[in-house]
Amino acid sequence: MSTNMGYLRSSFVFFLLAFVTYTYAATIEVRNNCPYTVWAASTPIGGGRRLDRGQIWVINAPRGTKMARIWGRTNCNFNAAGRGSCQTGDCGGVLQCTGWGKPPNTLAEYALDQFSNLDFWDISLVDGFNIPMTFAPTNPSGGKCHAIHCTANINGECPSALRVPGGCNNPCTTFGGQQYCCTQGPCGPTDFSRFFKQRCPDAYSYPQDDPTSTFTCPSGSTNYRVVFCPNGLAGPNFPLEIPVSDDVAK
């Protein structure tokens, strides 16, 4: 009897492991190369994790995951219960995020196993910029399945109207309105969105910047890597002291 029960338990555990393995569509490795601590965030799965320089966080994303994003939070202070605040990217004052972060925050966005068995993914500056980022498939397969980057000196060159402590904000948060937020129909680029696009041509610069900003890879056979500060420098990619620069016209 005990032998049969042990066999059943082993079979059940094997089934669960097989099921978990099957339901994972992608492994996403999040690495901090910045010379400062980044509190990584991931929703709707993952939550959050403190990453000191050189540390890695691995997220297993199930098939069908969509509207997902990964970002870095800076200058955070959390207590033992995981409550506190961050200067950029804060998600309601908790370490384990369940909602989106407060702009400005550089975003890695993805949806897995969608139309035509493809993963759709991008870097977005629609919520502004706080940390340089690379988002890449670990096994690129050509076409639109290749590494993308946003490593320009955006904080250092940010228009004064968009400057906030720790980052460069987006014009929708700063000014509101259809011209910048695109919430009530079609809209086009502005001088502010062109500022972002010129420096990070791979990234979304405004909400309807789809043609040059969405990338795809085969679902189920592609894993990904997000790297904060891929060059590993505080400057010139991420200056600790932000100099004054000329404004970009509205």
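Residues numbered from 1 in each chain as written. Predicted model: local features only at pLDDT ≥ 70, side-chain atom pairs only at ≥ 80, totals over all residues. Heavy atoms only, no water.

We now examine the overall build of the protein chain. If you tally the helices and strands in the protein chain, you get five helices and 14 strands. Counted over contacts in the protein chain with a minimum sequence separation of 6, partners at least 24 positions apart contribute 64%. A total accessible area of about 12,000 Å² is found for the protein chain, and carbon and sulfur atoms account for 56% of it. (Helix = DSSP H or I, 4+ residues; strand = E, 2+ residues; numbered from the N terminus. Contact = heavy atoms within 4.5 Å. Areas by Shrake-Rupley, 256 points an atom, 1.4 Å probe, with all protein chains shown as cover.)

All right, on to the state of the cysteines then. For the structure shown, the criterion picks out eight disulfides. Across the disulfide from Cys158 sits Cys168; the S-S distance is 2.1 Å. Across the S-S bond of Cys158 and Cys168 the torsion is about 75°, and the bridge reads as right-handed. On the criterion of sequence distance, the pair formed by Cys158 in the loop between α2 (154–157) and β11 (163–164) and Cys168 in strand β12 (residues 167–168) is long-range, its members being ten residues apart. (Disulfide = S-S within 2.5 Å.)

Attention now moves to the confidence of the model for the protein chain. Mean pLDDT over the protein chain works out to 87, with 83% of the residues at or above the 70 mark. For the stretch residues 1–22, pLDDT sits under 50, and the model shows one contact to residues farther than four places along the chain or on other chains. Across residues 234–250, confidence stays below pLDDT 50; counting only partners more than four residues off in sequence or on other chains, it has 41 contacts. (pLDDT = per-residue confidence, 0-100.)

Right, let's talk about the nonpolar core for a bit. In this structure, Ile28, Val30, Tyr110, Phe135, Ile154 and Phe228 are the most contacted members of the largest nonpolar core, which totals 44 residues. When neighbours within four sequence positions are excluded, Ile28 is seen to be in contact with Trp57, Val58, Ile59, Ala61, Ile70, Tyr110, Tyr224 and Val226. (Core = buried A, V, L, I, M, F, W, Y, C linked by side-chain atoms within 4.5 Å. Buried < 20%, exposed > 50% of the residue type's maximum accessible area, 1.4 Å probe, protein only.)

Another aspect to go through is empty space enclosed by the protein. This model, assessed by the stated rule, comprises one cavity of 30 Å³ or more. Taken as a whole, the largest cavity spans an internal volume of roughly 90 Å³. For the lining of the largest cavity, the secondary structure elements donating two or more residues are α3 (171–175) and α4 (178–181). Its residues assigned to classes, the lining of the largest cavity shows eight nonpolar, six polar and no charged. (1 Å grid on protein atoms, 1.4 Å probe; cavity = no way out; pocket = protein on both sides within 12 Å on 5 of 7 lines; lining within 4 Å. Points joined across faces, edges and corners; volume = space filled by probe spheres on them. Nonpolar A, V, L, I, M, F, W, Y, C, P; charged D, E, K, R; others polar.)

To continue, consider unusual backbone geometry. The peptide bond linking Thr43 to Pro44 adopts the cis configuration, its omega dihedral lying at 5°. In this structure, the amide linkage connecting Pro103 to the following residue, Pro104, adopts the cis form with an omega of 5°. Note on placement: Pro104 falls in the loop between β6 (84–88) and β7 (107–111). Located in the positive-phi region is Met67, a residue other than glycine, with phi close to 50°. Looking at Met67, the relative accessible area reads 62%, which means it is exposed. In this structure, Cys182 is a non-glycine residue whose phi angle is positive, near 55°. Here Cys182 is to be found in the loop between α4 and α5 (191–199).

By volume, the largest pocket amounts to about 210 Å³. Considering the residues around the largest pocket, the lining is formed by Met67, Ala68, Arg69, Trp100, Glu109, Tyr110, Ala111, Phe120, Trp121, Asp122, Tyr204 and Thr214. Secondary structure elements with two or more residues in the lining of the largest pocket: β5 (68–78), β7 and β8 (118–124).

Counted by the stated rule, this structure contains eight aromatic pairs. Three or more aromatic residues joined by ring pairs form one cluster here, namely Trp121, Phe135, Phe215 and Tyr224. In this structure, Arg69 is placed above the aromatic ring of Trp100, and the distance from its NZ or CZ to the ring centre is 3.5 Å. The ring of Phe215 is capped by Lys144, whose NZ or CZ atom sits 4.9 Å from the centre of that ring. (Phe/Tyr/Trp six-rings, centres within 6.5 Å; stacked < 30°, edge-to-face > 60°. Lys NZ or Arg CZ within 6 Å of the ring centre and 35° of its normal.)

This paragraph deals with the pairing of strand β3 (residues 47–51). Along any regular strand the residues' side chains alternate between the sheet's two faces. Bridge count for strand β2 (residues 38–43) against β3 is five bridges, and the pairing is antiparallel. When the sheet's bridge partners are listed, Ala41 is paired in β3 with Gly48. Hairpin connection between β2 and β3: a loop of three residues separates the two successive antiparallel strands, and Gly46 in this loop has a positive phi of roughly 105°. (Pairing = 2+ DSSP bridges.)

Before going further, it helps to spend a moment on α5. Restricting attention to buried positions, one finds in α5 the residues Phe192, Ser193, Phe195, Phe196 and Lys197. Close packing links the buried residues of α5 with α2, β12, α3 and α4.

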